[in-house]
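# Structural description and commentary
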Amino acid sequence: MRGRGEVGGAPVVVRTRDELAAVRADVRGRLALVPTMGALHGGHRSLIRYARERADMVAVSIFVNPLQFGPGEDFDRYPRTLDEDLAVCAAEGADLVFAPSGSVMYPSRPQVTIAAGPMGEVVEGAARPGHFDGMLTVVMKLFQLVRPDVAVFGEKDAQQLAMIRRMVLDLNVPVEVLGAPTVREPDGLALSSRNRYLSEEERVTALFLSRALRAGEDAVPEGPAAVVRAARDVLDGAVAAEPPLALDYLVLVDPSTFCEIGDAHSGPAVLAVAGRVGATHLIDNLPLRFPSKES
Ligand code: AMP
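The structure displayed is predicted, hence computed values, not measured ones.

Before going further, it helps to spend a moment on the sheet that holds strand 9 (residues 280-290). The antiparallel open sheet is built from three strands, whose spatial order is 7-8-9. Two strands bound the open sheet, and with one partner strand each, they are strand 7 (245-253) and strand 9. On average, each strand axis in the sheet is tilted by 10° relative to the strand beside it, whichever way the strands run. Examined bridge by bridge, strand 8 (residues 267-277) and strand 9 share eleven bridges and lie antiparallel to one another. Residue pairing across strands places A274 opposite I283, the latter belonging to strand 9. On top of the sheet, helix 9 (residues 224-239) reaches strand 7, strand 8 and strand 9; it is set at about 170° to strand 7, its chief contact.

Here is the structure:
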């Protein structure tokens, strides 16, 4: 395998558990894992770079996990672009790519899975029942197969990140979990593999999501209720736009529990929004901090 610091060469690509185990046995030093579903973009690139700065070797997994898609969701049409993804991994200096098939990850239908618990039933979990059970199950399987010392996830999926932290805590998983900031287009749209589904007009409507979050951020000095009001005012424009946004939720939550916070809250919070534009499900969020009342 490539040595530390060499960027631009081809990573080792493995497709089976045996190949992965053989390569894993040769890894020396701290190994970071960046789990992805492929269709890699600038957000994934930044996670790989973030991982490279914090570990000796970086593995990227590419797997569209059927278990985390509900009936009627976009599993079948989810973009699969392995050749381009391998070029991105090489350009960003990943050392190893694990790109298993469905039958490698799930030789039989799993009977024992991870239950996400109460956090899996709120906010995004309420909009997508079972999604977080499926996500945690595949992340746990990836942890067992790759045995990373550290794993890097995007704050773009803030509830996912909070739940993985919780799983690692509750099940004593020996992996350090790191969150990396959301990467956005210059106009504010959060990068997402699903953005490629958007028509030009739909993209204009999608921009309301990040604009609403920014409006909420501007209202932080006036307190939590004002933040939600300011964001909702912007989203009203999106709901009335053509094509319209079908709003799933706009919530202000505690970052570690994803329970909604009250107007007396101080400290960190996450303003989270999701909705559909056409057939495309989009989510975004912004970490906020409310000053304590005494200060
Ligand atoms: P996905 O391929 O969509 O499952 O995402 C794989 C990882 O990339 C997850 O940890 C996501 O949170 C992260 N990610 C997705 N979009 C972004 C973004 N715009 N900025 C930073 N990280 C992201």
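What follows deals with the nonpolar core. If you look at the biggest cluster of nonpolar residues, it comprises 46 residues, and the most contacted ones within it are L136, V139, F143, F153, I164 and F258. The greatest single-element share of this core, amounting to nine residues, is contributed by helix 6 (residues 131-146). Residues lining this core come from more than one domain, with at least three contributed by each of domain 1 (12-180) and domain 2 (193-286). Among residues more than four places away in sequence, those in contact with F143 are L33, P148, A151, F153, I164, M167, V168, V173 and V175. Among the nonpolar cores identified, the runner-up in size contains 29 residues, and L207, F208, V273 and L288 belong to it.

Let us now look at the domain arrangement of the protein chain. Per the domain assignment, the segments making up the protein chain are domain 1 (12-180) and domain 2 (193-286). Summarising the inter-unit geometry, the C-alpha centres of domain 1 and domain 2 are found 25 Å apart. Taken together, the contact pairs 22 residues of domain 1 with 18 residues of domain 2. At the boundary of domain 1 with domain 2, total buried surface from both sides reaches about 1600 Å², with 53% on carbon and sulfur atoms. Along the contact surface separating domain 1 from domain 2 lie one salt bridge. Between R194 and D74 there is a salt bridge; the shortest N-O distance is 2.7 Å. On inspection of domain 1 and its partner domain 2, the count reaches eleven residue pairs in polar contact (both at pLDDT 80 or more). A total of three residues in the side of domain 1 that touches domain 2 trace back to one element, the largest contributor, which is helix 7 (residues 158-170). Split by residue class, the side of domain 1 that touches domain 2 holds ten nonpolar, five polar and seven charged.

The rules behind these values
- Residues numbered from 1 in each chain as written.
- Predicted model: local features only at pLDDT ≥ 70, side-chain atom pairs only at ≥ 80, totals over all residues.
- Heavy atoms only, no water.
- Pairing = 2+ DSSP bridges.
- Helix = DSSP H or I, 4+ residues; strand = E, 2+ residues; numbered from the N terminus.
- Axes fitted to C-alpha atoms, helices over the stretch in contact; angles between N-to-C directions.
- Contact = heavy atoms within 4.5 Å.
- Core = buried A, V, L, I, M, F, W, Y, C linked by side-chain atoms within 4.5 Å.
- Buried < 20%, exposed > 50% of the residue type's maximum accessible area, 1.4 Å probe, protein only.
- Domains from an automatic or database assignment.
- Buried area = accessible area lost by both parts, 1.4 Å probe.
- Salt bridge = Lys/Arg side-chain N within 4 Å of Asp/Glu carboxyl O.
- Polar contact = N/O pair within 3.5 Å; in protein donor to acceptor, adjacent residues only side chain to side chain.
- Nonpolar A, V, L, I, M, F, W, Y, C, P; charged D, E, K, R; others polar.

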